[in-house]
Number of protein chains: 2
Amino acid sequence: MVLSSPPAAALAGDEARALLKALADPLRLQVIEALGQGERCVCELTGELGLAQSKLSFHLKVLREAGLIDGRQQGRWMYYQLRPEAIRALQQWLGELASSCQTPAQPCC
Amino acid sequence: MVLSSPPAAALAGDEARALLKALADPLRLQVIEALGQGERCVCELTGELGLAQSKLSFHLKVLREAGLIDGRQQGRWMYYQLRPEAIRALQQWLGELASSCQTPAQPCC
DNA sequence: AAATTAGATCAACAGGAGTTGATGTATCAA
DNA sequence: TTGATACATCAACTCCTGTTGATCTAATTT
């Protein structure tokens, strides 16, 4: 279990956006939730989620390129897992956002 | 300042997805970051971000419907602010995701 | 070496999300 | 009451993102 998260470098707006965009798809979110349980082989994911192979592969690529998941090849299988650093970084970015948003507006115009 | 977040009800996958989708747009993220500084009037946002009025209005609507921001009308001006509950809920959802993802896969197939 | 299997990649297509300019509505000023 | 201002909404268009089925590559088995 991860008790304390690694210091998670502060995220630039662009980086946060890339992560959010990769997460903001129903199918990719299913994949992410499945990987939230632990590492999975592609063939397991295909079965669990009932997806066409090329479809899953497409979304795994998006997640990989966003840095949300990592893959390791073993023989002819491919295992993917979440990258908790990415999740933690996004989490932290959200936290900063929420911390200072209560300032009332000065009357404008 | 918000020291402890309100208990933030656990988020269903669908709800998390809606929040993520609303956040995953470059323009909306700019709006969100501006509102991260505190409440803003629409005319201020238009100026700060250099946006066409109808464009901004469109994105504010998306954010409002996702529950990420709240608006209050004052005279003929509209003030928007972030809803920290929404941010916190998403933050928590991400945390749960990251906490159990290190389980190695049992060899599959 | 030939056949099989896992997964990645590609091209063509389809649908949805964002943009733009115009119009609508409510509030305030003159 | 008339005009101006702030913002929302709408219709038409554009473009990007995801889907589908086929093909490609690499590892494995026989």
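Higher on the page you've got the structure.
Report on the accompanying structure. Just so you know, these numbers come straight off a predicted model, no measurement behind them.

This brings us to the overall build of chain A. A count of helical and extended segments in chain A gives five helices and three strands. Counted from the first residue to the last, chain A has its helices and strands arranged as α-α-β-α-α-β-β-α. For 109 residues, the compact-globule estimate of 2.2 N^0.38 gives 13 Å, and the C-alpha radius of gyration of chain A, at 17 Å, exceeds that figure by more than 25%. The C-alpha extent of chain A, read off along each of the three principal axes, is 60 × 35 × 20 Å. Residue pairs at least 24 apart in sequence account for 58% of intrachain contacts in chain A once pairs closer than 6 positions are excluded. Separation between the mean location of the 11 positive side-chain charges and that of the 11 negative ones in chain A comes to 6 Å.

All right, on to the sheet that holds strand β2 (residues 69-74) of chain A then. Residue and element names in this part refer to chain A. If you trace the three strands from one edge of the open sheet to the other, you get β1-β3-β2, paired in antiparallel fashion. With partners counted over all chains shown, the strands left at the sheet margins are β1 (40-41) and β2, one partner each. Judged from the six bridges that link them, β2 and strand β3 (residues 77-82) form a sheet pairing that is antiparallel. Each residue of the ladder has a partner; that of I69, found in β3, is L82.

Another point: the packing of aromatic side chains. For the coordinates displayed, the defined rule picks out zero aromatic pairs over all chains. Here the guanidinium or amino end of A:R72 rests over the ring plane of A:Y79, the centre of that ring lying 4.6 Å away.

The next point concerns the protein's contact with DNA strand D. As a matter of local geometry, DNA strand D sits amid 23 residues, with A:K21, A:H59, B:Q53, B:S57 and B:Y80 nearest to it. Counting only atoms of DNA strand D within 4 Å of the protein, the sugar-phosphate share comes to 68%. Between a phosphate oxygen of DNA strand D and a side-chain N or O atom of B:Y80, the distance comes to 2.7 Å. Those elements that provide at least two residues to the surface near DNA strand D are α2 (26-36) and α4 (53-65) of chain A together with α3 (42-49), α4 (53-65) and β3 (77-82) of chain B. Along the lines of polarity and charge, the residues of the surface near DNA strand D split into eight nonpolar, seven polar and eight charged.

What follows concerns the side chain of B:D25. Inspection of the secondary structure puts B:D25 in the loop between α1 (13-23) and α2 (26-35). Buried and unpaired, B:D25 has no salt bridge, with B:R28 as the nearest side chain of opposite charge at 4.4 Å. In this structure, B:D25 is in contact with A:R17 and B:H59, ignoring residues within four places of it in sequence.

This paragraph deals with the state of the cysteines. Enumeration over the complete set of coordinates arrives at zero disulfides over all chains. Its sulfur unpaired, A:C101 is 18 Å from the next cysteine sulfur, which belongs to B:C41. For A:C101, a relative accessible area of 0% puts it in the buried group.

Residues and elements named next belong to chain B. The strand order β1-β3-β2 describes an open sheet built from three strands, whose pairing is antiparallel. Where the open sheet ends on each side, the last strands, each with one partner, are β1 (40-41) and β2 (69-74). Along the sheet, α2 contacts β1, β2 and β3; its crossing angle with β3, the most-contacted strand, is approximately 85°.

Around DNA strand C, the structure places 22 residues, and the nearest of them are A:Q53, A:S57, A:Y80, B:R28 and B:H59. Contact between DNA strand C and B:S54: a base oxygen at 3.2 Å from a side-chain N or O atom of the residue. B:K55 is positioned with one of its side-chain polar atoms (N or O) 3.2 Å from a phosphate oxygen of DNA strand C. The set of elements that each furnish at least two residues to the surface near DNA strand C consists of α3 (42-49), α4 and β3 of chain A together with α2 and α4 of chain B. Looking at side-chain class alone, the surface near DNA strand C contains eight nonpolar, seven polar and seven charged residues.

Rules behind the numbers
Residues numbered from 1 in each chain as written. Chains lettered and ligands numbered in written order. Predicted model: local features only at pLDDT ≥ 70, side-chain atom pairs only at ≥ 80, totals over all residues. Heavy atoms only, no water. Helix = DSSP H or I, 4+ residues; strand = E, 2+ residues; numbered from the N terminus. Rg over C-alpha atoms; globule rule 2.2 N^0.38 Å. Contact = heavy atoms within 4.5 Å. Lys, Arg positive; Asp, Glu negative; His and termini not counted. Charge placed at Lys NZ, Arg CZ, Asp CG, Glu CD. Pairing = 2+ DSSP bridges. Phe/Tyr/Trp six-rings, centres within 6.5 Å; stacked < 30°, edge-to-face > 60°. Lys NZ or Arg CZ within 6 Å of the ring centre and 35° of its normal. Near = heavy atom within 4 Å. Polar contact = N/O pair within 3.5 Å; in protein donor to acceptor, adjacent residues only side chain to side chain. Nonpolar A, V, L, I, M, F, W, Y, C, P; charged D, E, K, R; others polar. Buried < 20%, exposed > 50% of the residue type's maximum accessible area, 1.4 Å probe, protein only. Salt bridge = Lys/Arg side-chain N within 4 Å of Asp/Glu carboxyl O. Disulfide = S-S within 2.5 Å. Axes fitted to C-alpha atoms, helices over the stretch in contact; angles between N-to-C directions.

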